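Below, each chain spelled out in residue letters.
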Amino acid sequence: MSYTVETNIKICKNLSSDAPISLMNKIREARGALEAFVQAGVYPPGEYVISRKGLKGNQAVDWDTTGCWGHSLVSAVTANALGNTGWDGNHLNLWVNRTDKAPVFKTTKDNDRYYLALSTATLGMFTSEG
């Protein structure tokens, strides 16, 4: 079933590989909302990805060749359990990232970033719970 045309907004393969159907439905709906935001000029055109918390350092893989940006369910649960990742948030949470890392988003604290929590990026239309 096709929900939207992925002109700008992609879905991380790690996320789609093991997310439950209910979560994938939410992600597809959020993708549609984000595509509409790009079409309306809220966000500039370009490539974005919805993922769980992005992988860092030696865990990171090449987005262009793999289509993976963030954690799988297993790696997010493992990172949460270890608790020594240098970030104290929930690695299961959903994020929207600009793949070229151009700072196109404003955080709730008015900082420029290339990533935002899904809830903030969609102006509260969707939660970031993943």
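Going by the structure above, here's the rest.
(A) Representation of the layout of surface pockets in the model. Taken as a whole, the largest pocket holds about 290 Å³ of empty space. Lining the largest pocket we find 15 residues, and of these Leu 55, Ala 60, Trp 69, Lys 101 and Tyr 114 sit closest to its centre. Looking at the lining of the largest pocket residue by residue, the classes come out as nine nonpolar, three polar and three charged. Considered as a void within the structure, the second largest pocket measures approximately 160 Å³ in volume. Looking at the lining of the second largest pocket, the element that brings in the most residues is strand E6 (residues 115-117), giving three residues.

(B) Region of interest: the nonpolar core. Grouped together as the largest cluster of nonpolar side chains are 27 residues, with contacts concentrated most on Leu 15, Ile 27, Leu 34, Tyr 43 and Val 96. Mapped onto this core, the elements with two or more residues apiece are strand E1 (9-11), helix H2 (21-40), strand E2 (48-52), strand E3 (94-98) and helix H5 (118-121). Counting residues per element, this core draws most heavily on H2, which supplies eight residues. Ignoring anything within four residues of it in the chain, the contact list for Val 96 reads Leu 34, Tyr 48, Val 49, Ile 50, Phe 105, Tyr 114, Tyr 115, Leu 116, Leu 118 and Ala 121.

(C) Broad picture of the packing of aromatic side chains. Using the criterion set out here, one finds six aromatic pairs in the structure. Between Tyr 43 and Phe 105, the ring centres sit 4.9 Å apart and the planes meet at 75 degrees, which makes this aromatic pair edge-to-face. Highlighted residues: Tyr 43 in the loop between H2 and E2 and Phe 105 in strand E4 (residues 105-106), separated in sequence by 62 residues. Put simply, the rings of Phe 37, Tyr 43, Tyr 48 and Phe 105 touch in pairs and so form one group of aromatic residues. Seen from the ring of Trp 95, Lys 53 lies directly overhead, with NZ or CZ sitting 5.1 Å from the centre.

(D) Main features of the pattern of salt bridges. A complete count under the given rule lists four salt bridges for this structure. Note that Asp 110 and Lys 106 form a salt bridge whose closest N and O atoms lie 3.9 Å from each other. Two residues, Asp 112 and Lys 106, come together in a salt bridge whose shortest N-O distance is 2.8 Å. Take Lys 106: its relative accessible area is 46%, and that puts it in the partly exposed class. Within this structure, Lys 106, Asp 110 and Asp 112 form a network of salt bridges that share partners.

Rules and cut-offs
- Residues numbered from 1 in each chain as written.
- Predicted model: local features only at pLDDT ≥ 70, side-chain atom pairs only at ≥ 80, totals over all residues.
- Heavy atoms only, no water.
- 1 Å grid on protein atoms, 1.4 Å probe; cavity = no way out; pocket = protein on both sides within 12 Å on 5 of 7 lines; lining within 4 Å.
- Points joined across faces, edges and corners; volume = space filled by probe spheres on them.
- Nonpolar A, V, L, I, M, F, W, Y, C, P; charged D, E, K, R; others polar.
- Helix = DSSP H or I, 4+ residues; strand = E, 2+ residues; numbered from the N terminus.
- Core = buried A, V, L, I, M, F, W, Y, C linked by side-chain atoms within 4.5 Å.
- Buried < 20%, exposed > 50% of the residue type's maximum accessible area, 1.4 Å probe, protein only.
- Contact = heavy atoms within 4.5 Å.
- Phe/Tyr/Trp six-rings, centres within 6.5 Å; stacked < 30°, edge-to-face > 60°.
- Lys NZ or Arg CZ within 6 Å of the ring centre and 35° of its normal.
- Salt bridge = Lys/Arg side-chain N within 4 Å of Asp/Glu carboxyl O.

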